[in-house]
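Here is what each chain is made of, one letter per residue.
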Amino acid sequence: MTVFSFGYQLYPPGETEKYRPMIKVGLCYRESTAGFQALVDSGSDITISFVEVGNALGIDFSDTRLASEIEGRGMKFLDRIEGLTGSCEAYTAPAKVVFNGREETVVIKWLKQRLDPRNDFPIILGQDSIFSLYDIHFSRRQKKFFLNTEILSK
Amino acid sequence: MKSGIKENSMSFNLGPELMKRYEGKCIGLKNGKVVASGKNAGKVLRELLTKGKGDEITFACVPSRNAVMVK
């Protein structure tokens, strides 16, 4: 059994300090690859990023072949995402997400709104990605969270 | 469950200095050093991808002091 331990990170700086479970993941599309700050969010059903991130990686959301490929898989290429703070249109497209050398193809919702660095994260990892790969234990008291490669059970 | 617990190389920590200096901005790090920064995420990321070819690069956002994040 391998358990990876991560410390919570302080966000944002200053008086209003909050602790967030953040990790770094690789995000790859064709020839482009980079590490990204990512929020591990058990409250999100889906994995989310932004159109401008996808564009920089080389995803062309105006490509009708991409749209056809997604629609052919029974998904909506242009969708509406509902959240606690409102809703937003988003494109659906897969990308490779790499965590600790483990590469997985994840269907990501790319938000059609500007990434505001004052209060957005480049990637939010939801139930459909990291939570499907690891058993995750959050300990706010220890300010740590743990990713277990094995399935935890009684 | 203490045996088998590992610190992971994918741990992420910007640190207080970077957080203070780049508050409210996107930053691009190459081998741990900032090589691009700004409020335009696409522009910063493209600059990082250009400057960081072949190196370890990381893109991150530094939130503002009064940010309230409900996701």
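Our structure's up above, just so we're on the same page.
Since we're looking at a predicted model, the values are computed, not measured.

Looking now at the overall build of chain B. The secondary structure content of chain B amounts to 2 helices and 4 strands. Across chain B, helices and strands are ordered from the amino to the carboxyl terminus as β-α-β-β-α-β. Every one of the 71 residues in chain B was classed for burial, and the buried ones make up 45%. Restricting to contacts in chain B with at least 6 residues of sequence separation, those with at least 24 account for 43%. Counting only carbon and sulfur atoms, one obtains 49% of the accessible surface of chain B, whose full area is about 4200 Å².

The next thing to look at is the state of the cysteines. Throughout the structure, instances matching the rule amount to 0 disulfides over all chains. Sulfur of C28 of chain A: no disulfide; nearest cysteine sulfur belongs to C61 of chain B and is 18 Å away.

The next point concerns the nonpolar core. Ranked by size, the top nonpolar core spans 69 residues in total, and within it I23, L27 and W110 of chain A together with L14 and F59 of chain B carry the most contacts. Looking at this core element by element, the count peaks at 7 residues for strand β8 (residues 86-99) of chain A. Discounting residues that sit within four places of it in the chain, L27 of chain A has contacts with S32, T33, A34, F36, V53, L57, A95, K96, V97, I108, W110 and I123 of chain A.

What follows deals with unusual backbone geometry. Only a minority of non-glycine residues have a phi that is not negative, and only a minority of peptide bonds are not trans. Residue and element names in this part refer to chain A. You will see that R30, though not glycine, has its phi angle at about 50 degrees, which is positive. For R30, the location among the structural elements is in the loop between β4 (22-29) and β5 (32-40). Positive phi, normally seen in glycine, also occurs at N100, with a value near 55 degrees. As for its placement among the helices and strands, N100 is situated in the loop between β8 and β9 (102-111).

This paragraph deals with the packing of aromatic side chains. Residues and elements named next belong to chain A. If you walk through the whole model with that rule in mind, you get 10 aromatic pairs over all chains. Relative to F145, the ring of F138 has its centre 5.9 Å away and its plane inclined at 25 degrees; by these criteria the two rings are stacked. The exposure class of F138 is partly exposed, given its relative accessible area of 29%. The positively charged end of R102 is found above the aromatic ring belonging to Y134, 5.5 Å away from the centroid. A cation over a ring is seen here: K143 above Y19, with NZ or CZ 5.1 Å from the ring centre.

All names here are of chain B. With 4 of 5 residues buried, strand β2 (residues 26-30) lies mostly within the body of the structure. The pairing of β2 with strand β3 (residues 33-38) spans 5 bridges and is classified as antiparallel. Pairing of G28 across the sheet is with A36, part of β3. Remark: 2 residues form the turn of the hairpin made by β2 and β3, two consecutive strands paired antiparallel; N31 in that turn has positive phi of roughly 50 degrees. Looking at chain direction, β2 and strand β4 (residues 57-61) are connected through 5 bridges and run antiparallel. Among the inter-strand pairings, K30 is bridged to a residue of β4, identified as I57.

Below, the discussion takes up the pattern of salt bridges. Any two side chains of opposite charge can pair, on the condition that their charged atoms come close. Residues and elements named next belong to chain A. Evaluated as defined, the whole model comprises 10 salt bridges over all chains. The closest approach of N and O atoms between E89 and K112, which form a salt bridge, is 3.6 Å. Of the two residues, E89 sits in strand β8 while K112 sits in the loop between β9 and β10 (123-125), which places them 23 residues apart along the sequence. Residue class for E89 comes out partly exposed when judged on its relative accessible area of 32%. As a salt-bridge pair, D116 and R118 come within 2.9 Å of each other at their nearest N and O atoms. The buried category is assigned to D116, whose relative accessible area is 19%.

Scoring rules and cut-offs
- Think of each chain on its own: its residues are numbered from 1, step by step along the sequence as written.
- Naming scheme: in the order in which they are written, chains are lettered from A and ligands are numbered from 1.
- Totals for whole chains, interfaces and linings use all residues, but because this is a predicted model, local features are given only for residues with pLDDT of at least 70 and pairs of side-chain atoms are given and counted only at 80 or more.
- Water and hydrogen atoms play no part in the side-chain values, which are based on all heavy atoms of the structure.
- Here a helix means four or more residues in a row that DSSP labels H or I, a strand means two or more in a row labelled E, and each is numbered from the N terminus.
- Three exposure classes are used, based on accessible area relative to the maximum for each residue type with a 1.4 Å probe and protein chains only: buried under 20%, partly exposed in between, and exposed over 50%.
- Contacts are assigned to residue pairs that have any heavy atoms within 4.5 Å of one another.
- A 1.4 Å probe and the Shrake-Rupley method give the accessible areas. Residues count as covered only by the protein chains that appear here.
- For the purposes of this analysis, a disulfide is any pair of cysteine sulfur atoms at a distance within 2.5 Å.
- What we call a nonpolar core is a set of buried Ala, Val, Leu, Ile, Met, Phe, Trp, Tyr and Cys residues that are connected through their side-chain atoms within 4.5 Å.
- What counts as a ring pair is set by centres within 6.5 Å for rings of Phe, Tyr and Trp (its six-membered ring), and what kind of pair is set by the plane angle: stacked under 30 degrees, edge-to-face over 60, tilted for all other angles.
- The rule for a charge over a ring is simple: NZ of Lys or CZ of Arg within 6 Å of the ring centre, and within 35 degrees of the ring normal.
- Strand pairing is defined by DSSP finding a minimum of two bridges between the two strands.
- Throughout this description, the term salt bridge denotes a Lys or Arg side-chain nitrogen within 4 Å of a carboxyl oxygen of Asp or Glu.

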